[in-house]
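Here is how the chains run, residue by residue.
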Amino acid sequence: MNENNEMARPASFSRTTITELMIPSYANFGGKIHGGILLSLMDKVAYATATKHSGAYCVTVSVDTVDFLQPVEVGELVSMKASINYVGNSSMVIGIKVVSENVKTGEIKHTNTCYFTMVAKGEDDRPTKVPKLILESATEVRRFVEAIYRKKFKQNYETNLHEIKKNWEKQDIETLLKNQRCINTTKEVG
Ligand SMILES: CC(C)(COP(=O)(O)OP(=O)(O)OC[C@H]1O[C@@H](n2cnc3c(N)ncnc32)[C@H](O)[C@@H]1OP(=O)(O)O)[C@@H](O)C(=O)NCCC(=O)NCCS
């Protein structure tokens, strides 16, 4: 409990790592690991981290910036390192760093970093308040502030796209599509 009698926890309380060996059945037709296998592992580690912090059942609401920068190979040991970066009322942003290790050579590559937004739910299945986050280092402060900005950018993006769609004219669309690799066979605008 903090000075306002509200529950608060540091990120270290819920920090979680999941490590798994990439077996041949996880591979796609090109012999690399399926993106879906990695997404599933990310979802699990985000769930574990959010549930530890909140002490409640959590659901995934949103996933940001999953870019697969390098392929993961069969036989590599993949670790998902998750830490809670931000808390709102019922939502939590979990940052996940994905690293892949070649177990023969020990070479480690950072394949991506992404952000899962999880929401804690109460017994009534409605969003429920989560403990505040105690920031204990400059890195934790930076991550919290970055999450605030990311949230703002996302809201701006939604508003901008909505405005553009409200106002776009047939003329704009024709100009925009002129040099694109598509063949427009309709005169209609959706
Ligand atoms: C997440 C869910 C509970 C939100 O319900 P809601 O009635 O919109 O509730 P609220 O508007 O109060 O939002 C709750 C929180 O979610 C956040 N949220 C809602 N949509 C969001 C989105 N697209 N991205 C990020 N955060 C979002 C809100 O900002 C709010 O955060 P806060 O409490 O920290 O301020 C509801 O949409 C849901 O149950 N979704 C299904 C989740 C699920 O089942 N996932 C598994 C994959 S199928």
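Note on numbering: residues in each chain are counted from 1, in written sequence order. Per-residue local features of the predicted model are confined to residues with pLDDT of at least 70, and side-chain atom pairs are confined, for both listing and counting, to 80 or more; whole-chain, interface and lining totals are unaffected and use all residues.

The chain carries the name Acyl-CoA thioesterase in an unreviewed UniProt entry, which gives Echinicola jeungdonensis as its organism.

Draft legend 1. Examining the overall build of the chain more closely. Each helix and strand in the chain was counted, giving three helices and seven strands. Every helix listed is a DSSP run of H or I at least four residues long, and every strand listed is a run of E at least two residues long, numbered separately from the N terminus. Listed N to C, the secondary structure of the chain is β-β-α-β-β-β-β-β-α-α in terms of helices and strands. Using C-alpha atoms as the atom set, the radius of gyration is obtained and then compared with a globule rule of 2.2 Å times the number of residues to the power 0.38. Since a compact globule built from 190 residues should have a radius of gyration of about 16 Å, the 21 Å found for the chain marks it as more spread out than a globular shape. Summarising its shape, the C-alpha atoms of the chain cover approximately 60 × 50 × 35 Å along the three principal directions. Once C-beta atoms are placed from the backbone, each residue is buried if 20 or more other C-beta atoms lie within 10 Å of its own, exposed if 12 or fewer, and partly exposed for counts between those two. Counting the 190 residues in the chain, one finds 23% classified as buried. Two residues qualify as being in contact provided that their C-beta atoms, derived from the backbone, are within 7 Å of each other. Counting contacts in the chain only where the partners sit at least 6 residues apart, residues at least 24 apart contribute 70% of the total.

Draft legend 2. Molecular detail of the sheet that holds strand β2 (residues 16–21). Here the rule is simple: two strands pair whenever DSSP picks up at least two bridges between them. One open sheet accounts for five strands, arranged β2-β4-β5-β6-β3; its pairing is antiparallel. The strands lining the two open edges of the sheet, one partner per strand, are β2 and β3 (57–64). The mean inter-strand angle of the sheet, taken between neighbouring strand axes irrespective of direction, is 30°. Between N-to-C directions, angles cover 0 to 180 degrees, with each direction set by a line fitted to C-alpha atoms, over the stretch in contact for helices. Relative to the sheet, helix α1 (residues 35–54) contacts β2, β3, β4 (76–87), β5 (91–102) and β6 (108–121), its axis offset from that of β5 by approximately 135°. Helix α2 (residues 138–167) contacts β3, β4, β5 and β6 of the sheet and is inclined by roughly 80° relative to β4.

Draft legend 3. Highlighting the site of the ligand. All residues adjacent to the ligand are V59, T60, V61, S62, G88, N89, S90, S91, T117, V119 and P127. Those elements that provide at least two residues to the shell around the ligand are β3 and β6. In terms of residue count, the dominant contributor to the shell around the ligand is β3 (four residues). Throughout this description, a residue near a molecule or strand is one whose C-beta atom, derived from the backbone, lies within 6 Å of it.

Draft legend 4. Representation of the UniProt feature "domain: HotDog ACOT-type" (unreviewed entry) in the chain within the structure. In this structure's numbering, the residues bearing the UniProt feature "domain: HotDog ACOT-type" (unreviewed entry) are residues 12–124. Each end of residues 12–124 is marked by a C-alpha atom, and these two atoms are 29 Å apart; helix forms 18% of the span and strand 46%. UniProt positions are given in the numbering used here, feature names are shortened, and annotations may be inferred rather than shown by experiment.

Draft legend 5. Structural detail: the nonpolar core. Note on terminology: a nonpolar core is a set of buried residues of type Ala, Val, Leu, Ile, Met, Phe, Trp, Tyr or Cys, with members joined through C-beta atoms within 7 Å. Residues M42, A46, M92, I94 and I96 are the most contacted members of the largest nonpolar core, which totals 31 residues. Secondary structure elements with two or more residues in this core: α1, β4, β5 and β6. I94 has contacts with A46, T49, A50, A82, I84, N85, Y115, F116 and M118, leaving out every residue within four places of it along the chain.

Draft legend 6. Inspection of α1 at higher detail. A rise of 1.5 Å per residue sets the reference length of α1, with its 20 residues, at 28 Å; its end C-alpha atoms lie 28 Å apart and thus fit the reference within 8%. All of the buried residues along α1 are L38, L41, M42, V45, A46, T49, A50, H53 and S54. Buried-residue contacts for α1 involve β1 (8–10), β2, β3, β4, β5 and β6. One or two residues past the end of α1 sits G55, with phi positive at roughly 70°. One less than the number of residues in a helix, times 1.5 Å, gives the span that helix is expected to have.

Draft legend 7. Representation of the environment of K151 in the model. Along the chain, K151 turns up in helix α2. Through-space distance from the C-alpha of K151 to that of V93 is 9.9 Å; in sequence the pair is 58 residues apart.

Draft legend 8. Geometry of the environment of E158. Inspection of the secondary structure assignment puts E158 in helix α2. Accessibility expressed as a C-beta count within 10 Å gives 10 for E158, which makes it exposed. With 55 residues separating them along the chain, E158 and V103 place their C-alpha atoms 43 Å apart.

Draft legend 9. Broad picture of the pairing of β5. Of the pairings in the sheet, the one linking β4 to β5 comprises 11 bridges and is antiparallel in character. Across the sheet, residue S83 finds its bridge partner in β5, namely G95. Counting the residues that bridge the hairpin from β4 to β5 gives three residues. As defined by bridge partners, β5 adjoins β6 across 11 bridges and the pair is classed as antiparallel. Paired with I94 across the bridge in β6 is F116. Taking the residues that link successive antiparallel strands as the turn, the β5-β6 hairpin has five residues, and the phi of G106 there is positive, at about 85°.

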